Every structure is written in structure tokens, then in C-alpha cells.
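# Structure assessment
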Amino acid sequence: MNNNGVNPWADVKGPNMGYILEQYDLYSQDPSLVDKSFKELFDVWGNPEAMMDNEEQSSNHISMNVLLNKMRKLVSAVTLAENIRAYGHLEADIFPLEKQPSNELLNLTSYKLTEEDLKEIPAEFICNNNSVKNGLEAINYLKEIYTSTIGFDIDHMDIQEKDWLKNKIESGNVSKEITNAEKEALFHSLLSAEGFEQFLGKTFVGQKRFSVEGLESLVPVMNEVINLSAKDDIENVLISMAHRGRLNVLTHVLEKPYEAIFSQFQHAKWENADPTLEMTEGATGDVKYHLGATKRKQIGDKKVTVSLANNPSHLEIAGTVIEGSTRAAQEVRTEKGYPKQDVSKAIAVLVHGDAAFTGQGVVTEILNYANTKAYSTGGTIHIIANNCIGFTTEPEDDRSTKHSSDIVKGFNVPIFHVNADDPEACLKVVQLAFEYRQTFHKDVLINLIGYRRLGHNEMDEPRSTSPLMYKLVDNHQTITAIYKEKLINERSLTDDKINEMANQVQHKLQRAYNHINQEKEPIRTTQDRHELYKSELPKIDTSVSKETLLTINNALLQWPEGFNVFGKLKKILNRRKDALENNKKVDFGHAETLAFASILKDGTPIRLTGQDSERGTFSHRNIVLSDEKTGEKYSPLHQLSSANASFAVHNSTLSEAAILGYEYGYNVFAKETLVLWEAQFGDFANGAQVIFDQFISSGREKWGQKSGLVMLLPHGYEGQGPEHSSARLERFLQLAAENNWTVANLSNSGNYFHILRRQAALLNTDDVRPLVIMSPKSLLRNASAGVYLEDLTEGKFEPIIKEPGLGRNPDHVKRLVLSTGRLAVELSDYVSENKEAYDWLDMIRVEELYPFPAEKISEILSKYKNLEEIVWTQEEPKNMGAWSYMEPRLLSIAPKDVAVRYNGRPDMASPSEGDPLVHKEEQFRIIHQAINETVKQETNVRKIS
């Protein structure tokens, strides 16, 4: 190289110049990183690129080496910017207790860039913000935004939505300062939330309240959602949350008076005098941190109804219930066709726990159905109330992902992580999340990261299981203290003002406590409460005139001109015309469609969902037809001129718990609607057992929450193995009490027609209750299970059906066989060929198992003076089916010295055998023993003392 005062780089070209530029980058970072000879040259001559720029500017020419190097640095700078956007949340200050480690992807050195390099890059290559002048300022601006107390986790999003969010985030709106008045209101909200928890802790020592301490920011977050909703004319905000923080939300969001909460803690009498506040109350009740409420709020000149759902201890299940209620709040059901949905009328807000969000499968089921036709609610605001711990389980044992929120990425849901210690940032995140929901009508998630200042409950000591975490907690200031310090330092509020506000909060709490009625609430015994629900169903005329049914039937078989019904199906459907006009039998599918059409004529909306419900698992329903040439869908029930209400039918996602919970929530809100959920096979209900146990069977008792939901659970032993035989009838009968629901196992299509119409008539009345039907499989097309038109026009629902032709000589009858459902039809078919030979026998089909039709069975028993035995016959094993339920009830009504016997499969661990040949033999044995004069089974005899 020539060092005689001449530019030493002048003759260096191509790859050699690239190497020298790399060495200079190292020299810029640390001169000791390069060889001594390079160091001396760089000390004297500086940046080789700058020297070349000067020479080439004079010749008005840029060398390829310089151009390539500038392009490399530009690409590196753009890559850095994109990585800040994508991974900034991994370095963001979003955890109150500990800082996240720095991330190499966000450092200049990882890209061989210097600040001088970035200064030379125009800002518009990095981000569009008028406040930055060059690439360095742009990069620093991005780092400030993306690594602040908000972590924007949106790199997984679709490009259109990601660009929208990027523009919103980088425009400066998210970092915009709020007014002093807004700061004062926010501080007051935090003071109230914290003061409430501390007052409860001191006043009601040791009592469970599941404190929100460590996440007090949840309260202003919830209120901000409601305020924004009211501003946008949303009519209903429906909230689901678990027990942590529920009392605080009830008090400071739904405005449940302090006096009401305090009265619950000391069992004092309190009466609600607020007509805008509806409290939940059932006969047996529930613990205070499971109860919900509804509040009609006035916010400025806008009104909004806020509902907090009742929630059992199964943490995430209530979320899907609220989704169903939200859909119901969004729909108008007064006209034929599908309901008219307006997603701007209602919004769902689901508050999750961090451990439950990843651990409970129902969350993923909810996320999965969020954008489907049947279940979309136009976007849910999900909030993870993140304590960074489960009961005692820490994050590394709780999940396989970094964040509990990571599971939503596959569903294209944006994630906003936010430090709960920065309440102003929390509100800004809510505003962005709400705007996203309103723009795209899709789900959005806020990961509100705090901690749990106390144990899982107030009687739990967390320091024995999480000592390191609780050392940090014990040394950490409360959110209110941190925000107070900030407000004083920036002179937004004075010490005097803050003390005045704190005193007002404490005074309000103490005054409410002093005003508690000292009169204890009367204790109602379980027996007293038990009496509340003993009423029987009223008598309802469910018949429909012949003229109406013929008109409806013809209309159902009229398809649009040019609509090509599948040929085989067309023949099957046209038989329905023949059935009514030529006095042939109406099968189950036909009876159901006629029931639906007549219910719509009466003005009752219908919603039916389930796996394959449009066609029906067994191809029996076919109420949504597909054009075999175009695939176009058409439902005759949508075009009936006689329909006075909407009809919704949807194939569901392959889920049980979330879907059944959704339909329950829909029905609870839309009390006038006949809502039906159909399991593909009855055993699929196993996957929704939490909904049956904690909501449908017990909701009225616990919360006064009534439902008229219908559940269709295909049941019957037909050789299809252990799972697809049983809908677990025994479980529903075990849960049956206090007229909490109706359980039926029907043997003919007429009873199905009438029970559906009866259920529709009970909706929105005090007598309404859920209906569980062990729906048929092979009986769907069994002629013996069909009925004639007059059974629909003149009949009614029959809780029991006596076998025609038997028992004509009452004095000869020695055995009365009772059975239910499919087996009852099979028994009937066996004796029908020669009923004269069964002079000693009578048979009863028990169609409605619960409530138990004791009076009607007793009426038949009274006719048989020489009766020796009552034989309950079932196809299920002895420890399953109805036997355990029926035995004590039959014993209670059996005449003196009449034996009550069991006939069916023995006790079994599995519902049935798997071999169809073994099944056939077992069925034959059960039937033979029922209609043979000698039955050798266990015997119970009612003794009269």
C-alpha cells in the first residue's frame, strides 16, 4: 500500500475492500480486535468508506464496493428494525418482579452496525414517524416502543392485520400521555381496589376472598373496556372470569354495594334496593366468589348492560357459556330464516388465569370455533390475569411455552403483553385491543402480567412452596404505591390530594361496614330449600291440527326451481308426503321436522347444533339440503310461509364441552328460544360432563339460572361396542333431583313430537327446565317406533305407555315388565305375534324416567290383584342404565309381597361387549328372561310393617 500521503485505499477493489470494511467495523467496536497494521492505518486515515466517498464524489461516481457495503448496512438496519418489532416483547419490561434478559437480536453489534452507520440511513427506511430524523433515531424509537412496559407480540399475524397494528403502534398513539384528570381517576380506581382487599383482609380475617392484590390494574382495565363499549353503542358487555378478583370486579365494575359484600361475609341480612342491579340467587346458593350479577350502567349519555357470569370452580368453562350468551345478545330471532346477527350489539370479555389458560382444553376449543358461522361473536377480548403461578405450580411446570398466551398464535390472535405495574400502559393496551376488535371483528388477547401478593387463597402460605418468588413479592411495592410515586414525581397529583383520596376510600369502606344490618339472615335448612322445586309440569296441549300438518308437510317438500336434490334422498323425503296423505307411519326424522315447523309457526325460535346435525349422524334429519350439482345449501324450514321465528341449524366443531356450554349460554340469555344440542353418539357427552354437572343440572339451584336446553344423546345397545352403545343414562338419573330436568328415553316418534312441543311451550316460564333425551338410532327407521298422523293431531306426550293387547284379564297377570326406549320396542315386537299366549304378562314402557311417573304406574299396578313380580328389564349392565334409580322407586310403590326384580346385563366395568355375536346372544337372553314365566334374578320384596 502507498502510505506517502496518498489515500491507501484508492487501489483496493472488490472482495479486498469488503474485507477492509469488515475490519473497520471491528475497529469501530474495539481497536484491539484488529491487527496492529490495520489499527495504525485506521488511526491515521479513519473510515475507508468515507475516504472513498470523498474521492468518488469528486468524480461524481460511486464504486460498486461502496454501494454494496451501503446496501448491506441498509439491509442489516431493516432486519434489525423488523426483529425489534418481532422480538421486542422478549426484552420488554413486562414482568413486575424481574427484568427480562437482553436479546442479542436487538443489539447493533449482532448486525455489524454502528450508530454512525444508522445515522446515514434515512428514517423512512426504518419506520414512518415524522418525529425521527434518521435511522438511528428510528431504531431507538422502535426499541423504546417495543421494549417498554408493553410487549407487542404480533409477528404471527396475517400481513394486513399486522400492518394495521404496526401503524397504530408506531404512530405514537400507544405512548400518548393521558390527562391529569384521567390519571386521578385511574389512581382512585387503584386505591379503591387495593383498599377494598386490605379492608376485607383486616375485617374478615382468614376468610377466603381470592384477592386481586398484585393485579389491581385488572379493575381499571375492565372499566375501560366497558367505557369504550358504551361509547361505541354496544348494548351488552358479557364477562366471564374465575374466582380471583371476582369480588373486586363485582364491587368496582358492576357496582355491587360494599354493604352487600360485607353482609355476605358475616351472613347478615341485606336487601337490594337498586333496580338496575340484578343479583344471582338460587335455592341452595353458592359461595360468594362464584356468583355473578347484571348491572345496567349509565356512562355519560350512553347506556350499557354489564353481566358477569356465574362461575363454578372449573375455571375456564364459564367462558364458553358467555360466548353463547353473547351470540344470543347479538341476534334477532323474530323472522323466518337464520337469525340476523349484529356483532356491534354485544361483546364478550373473557378473563383467564395464566395456568388455566394453557391447561384447560376448553380454551382451545373456544379459540377454534371463534371464526365459524355457528359460533362467531365478532371478536372476543381475552384478558389473562397473569399471576405467573398456578395454585403452587410455577410456569416451568405449568406449560411448555414461554408465555401462557402463546397458544393463541395458531389462531391468528394478536397478543399484547403489559406490565400491571404500569396502569397507564394497561389502559392504552385496552384501547388498542378494543379498536382492533371493532375493526376486524376477531379475537384479541391482553396478557396482563402481575403477581399474586398472597397465597392461592387467604389461608394458604405460598412461601413454603415458592420461597424465591415470594422474596421478590415481599420486597416489591404495590401497584398503587408505584403509581403514587410516579404521579408525585411528575407533579400530576400532590401529597395532600393523594392523602385526601386515600382517606375518602377508607371512610367509604368503614361507613358501609357500619351500616351493615346486624340482624342475621334467616338460615333456611336444606329441607326448606328443597320444597321450592317440587312443582309438577302443567298440562299443555301439544296437538296440531291435521290441516296445519298437511300444509306444513307439503311446504317442506317444495324446493326452489332448479335446485337439484340428491336423487336417493329425494325419494326418501317424498315418502313423507305419502305418509301423511295415505295413512302411513311417521318416523322420528319426519316427526321432528313437523315439530320444528309447528313450533316456528307458534313463534318460537329454534337453534340446533351438533356434530353433523344438518343431516343427522344417522342420515335421518336432512333439514339442510345440498344441490348435487352446485353444492348450494337450502333448508325448507327457512322458507316456510307459516314460520314466525328464526331457525338456526349448524354442524358444530368436533368439540363437546365448549359447544354444549355455548348452547347453554345461548339458551340462558335467549330464554324464548328452543335450543338443542345433539351428540354424534350419546357417549360423546362424556366430554361435556362438567357442563352437565356444574351448569345444566345444578344452575337453577345454585344461581337461580333457568334453562330449557334440550340434549339429544343417541343411546341403544345394537352391537356397536362399548362406546357407541350407551349415553350413560345412569349419570343423568343420578343428577336428577328437585325437578331440575326431565330425562326421557322414548320409544316412538309421536312422543318425541309431543315432548319437543311441550318443551317449546315451557320456555320463558317458571316451569322451564332442561330436557335430556336418550335419542334413538335403529328406532329412527323402525316401523314399530313410527306413529300415524292422528297421534300427532289428537295425541299428547305419554310418560308411560302400556302395551296394547296385554293385561286384558287383570286377574291372570302375574308379572309386570317395565322397560324403556329401544329395548321396549324389541320386547313389544317379540310378544306381538301371539299376545294371547301372554295372558299372565303385562308390559309398560317408561318414556319419562325423571320425574318418576309413580302415580301412573301405581294406577296400573292397582288393577292386578294377583301380581307376583315387577321386573325391570334393561339392556345396560346392572350398575348402569336406570336400575339403581328405578329400584327404590319401584319398591316404594310395589304392592305388599310383590317382588321387584332386575333383568339385564350383570355388573360390568365396560358398558357393553365388543363382539356383535356376543351382543346378539345377550340381547336374546335378556328378552327371553323378560317374557319367559321363570326369571331367576336378584329379588327385592316390599314388606309392609
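Residues numbered from 1 in each chain as written. Predicted model: local features only at pLDDT ≥ 70, side-chain atom pairs only at ≥ 80, totals over all residues. Heavy atoms only, no water.

What follows covers the packing of aromatic side chains. If you walk through the whole model with that rule in mind, you get 33 aromatic pairs. Between Phe152 and Phe416, the ring centres sit 6.0 Å apart and the planes meet at 70 degrees, which makes this aromatic pair edge-to-face. With Phe152 in strand β1 (residues 150-153) and Phe416 in strand β10 (residues 415-419), the pair connects residues that are 264 residues apart, well separated along the chain. Relative accessible area serves as the criterion here: at 0%, Phe416 is assigned to the buried category. Taken together, the aromatic side chains of Phe196, Phe199, Phe204, Tyr258, Phe262, Phe265 and Tyr513 make up a single cluster linked through ring pairs. In this structure, Lys288 packs its charged tip against the face of Phe265, placed 4.4 Å from the ring centre. Positioned above the aromatic ring of Tyr666 is the side chain of Arg607, whose terminal nitrogen or guanidinium carbon lies 4.8 Å from the ring centre. (Phe/Tyr/Trp six-rings, centres within 6.5 Å; stacked < 30°, edge-to-face > 60°. Helix = DSSP H or I, 4+ residues; strand = E, 2+ residues; numbered from the N terminus. Buried < 20%, exposed > 50% of the residue type's maximum accessible area, 1.4 Å probe, protein only. Lys NZ or Arg CZ within 6 Å of the ring centre and 35° of its normal.)

Bringing the side chain of Arg437 into the picture now. One can find Arg437 in helix α16 (residues 423-440). Leave out the neighbours within four places in its chain, and Arg437 touches Ile234, Gln330, Val343, Ala346, Ile347, Thr377, Gly378, Gly379 and Lys442. (Contact = heavy atoms within 4.5 Å.)

Right, let's get into the state of the cysteines. Scanning the entire structure with this criterion turns up 0 disulfides. Unpaired in this structure, Cys388 has its nearest cysteine sulfur neighbour in Cys426, at a distance of 13 Å. Owing to a relative accessible area of 15%, Cys388 belongs among the buried residues under this scheme. Accessibility expressed as a relative area gives 2% for Cys426, which makes it buried. (Disulfide = S-S within 2.5 Å.)

Quick look at the pairing of strand β25 (residues 899-905) now. β25 sits mainly inside the fold: 6 of its 7 residues count as buried. With 6 bridges joining them, strand β24 (residues 869-877) and β25 adopt parallel strand pairing. In the sheet register, Ile870 faces β25, and the bridge partner there is Val900. For the handedness criterion, the β-α-β arrangement of β24, helix α32 (residues 883-893) and β25 is classed as right-handed. (Pairing = 2+ DSSP bridges. Right-handed = clockwise from strand over helix to strand, strands pointing away.)

As a packed pair, helix α9 (residues 218-231) and α16 sit with axes 9 Å apart at the nearest point and diverge in direction by 35 degrees. Along this stretch, α9 crosses α16, giving a crossing that reads as right-handed. Contacts between α9 and α16 involve Pro220, Val221, Glu224, Val225, Leu228 and Ser229 from the former and Cys426, Leu427, Val430, Gln431 and Phe434 from the latter. (Axes fitted to C-alpha atoms, helices over the stretch in contact; angles between N-to-C directions. Left-handed = near helix turned anticlockwise from the far one by under 90°.)

This part takes up the pattern of salt bridges. A full pass over the atoms with the stated rule returns 49 salt bridges. Across the pair Glu490 and Lys486 runs a salt bridge whose closest N-O atoms are separated by 3.0 Å. On the basis of relative accessible area, Glu490 is assigned to the partly exposed category, the value being 31%. Glu922 is the salt-bridge partner of Arg925, the closest N and O atoms lying 2.4 Å from each other. In this pair, Arg925 and Glu922 both sit in helix α33 (residues 916-931), 3 residues apart, roughly one turn of the helix. Arg925 gets classed as partly exposed once you look at its relative accessible area, which sits at 24%. Among the residues examined, Glu922 registers a relative accessible area of 16% and is labelled buried. Linked by salt bridges that have partners in common, Glu177, Lys183, Glu424, Lys486 and Glu490 make up one network. (Salt bridge = Lys/Arg side-chain N within 4 Å of Asp/Glu carboxyl O.)

Here we come to the nonpolar core. Judged by nonpolar contacts, the single largest core of 123 residues is most densely connected at Phe692, Leu713 and Trp872. With sequence-adjacent residues up to four places away left out, Trp872 is seen in contact with Leu818, Ser819, Thr820, Val846, Leu849, Ala882, Trp883, Met886, Leu890, Arg901, Tyr902 and Asn903. By size, the runner-up hydrophobic cluster in this structure holds 99 residues, among which are Cys127, Ala193, Ile381 and Cys426. (Core = buried A, V, L, I, M, F, W, Y, C linked by side-chain atoms within 4.5 Å.)

Further remarks concern the UniProt feature "domain: Transketolase-like pyrimidine-binding" (unreviewed entry) in the protein. Per the UniProt entry, the sites bearing "domain: Transketolase-like pyrimidine-binding" (unreviewed entry) are residues 586-782 in this numbering. Regarding residues 586-782, the helix share stands at 30% and the strand share at 14%, and the terminal C-alpha atoms are separated by 10 Å. (UniProt positions renumbered as here; feature names shortened; annotations may be inferred.)

Running from N to C, helix α8 (residues 180-203) and helix α19 (residues 495-514) cross one another at 45 degrees; their axes reach a closest spacing of 9 Å. As judged from the angle between their axes, α8 and α19 are oblique. Between α8 and α19 the crossing geometry is right-handed. Here Glu184, Phe187, His188, Leu191, Ser192, Gly195, Phe196, Phe199 and Thr203 of α8 lie close against α19, whose contacting residues are Lys497, Ile498, Met501, Ala502, Val505, Gln506, Leu509, Gln510 and Tyr513. Among the residues making up the contact of α8 with α19, the classes are represented as 10 nonpolar, 6 polar and 2 charged. (Parallel < 35°, antiparallel > 145°, perpendicular 65-115°, else oblique. Nonpolar A, V, L, I, M, F, W, Y, C, P; charged D, E, K, R; others polar.)

What the 9 strands build is an open sheet, ordered β1-β10-β11-β9-β8-β2-β5-β4-β3; its pairing is mixed. Here the strands that pair on one side only, and so sit at the sheet edges, are β1 and β3 (277-279). Ignoring strand direction, the axes of neighbouring strands in this sheet form an average angle of 15 degrees. Here 6 bridges tie strand β8 (residues 346-353) to strand β9 (residues 380-386), and the two strands are oriented parallel to one another.

Looking now at helix α31 (residues 854-861). By the burial criterion, the buried members of α31 are Ile857, Ile860 and Leu861. Axial view of α31: buried residues confined to an arc of 105 degrees, hence all on one face. Exposed and oriented more than 90 degrees from the buried face of α31 are Glu855 and Glu859. Elements in contact with the buried residues of α31: β20 (800-802), β21 (815-819), β22 (841-846), β24 and α32. (Arc of directions from axis to C-beta.)

Moving on, we get to the environment of Glu458. Relative to the assigned elements, Glu458 resides in the loop between β11 (444-449) and α17 (467-474). The spacing of Glu458 and Gln207 is 251 residues in sequence and 6.7 Å in space, taken between C-alpha atoms. A polar side-chain atom of Glu458 sits 3.0 Å from the main-chain amide nitrogen of Phe210. (Polar contact = N/O pair within 3.5 Å; in protein donor to acceptor, adjacent residues only side chain to side chain.)

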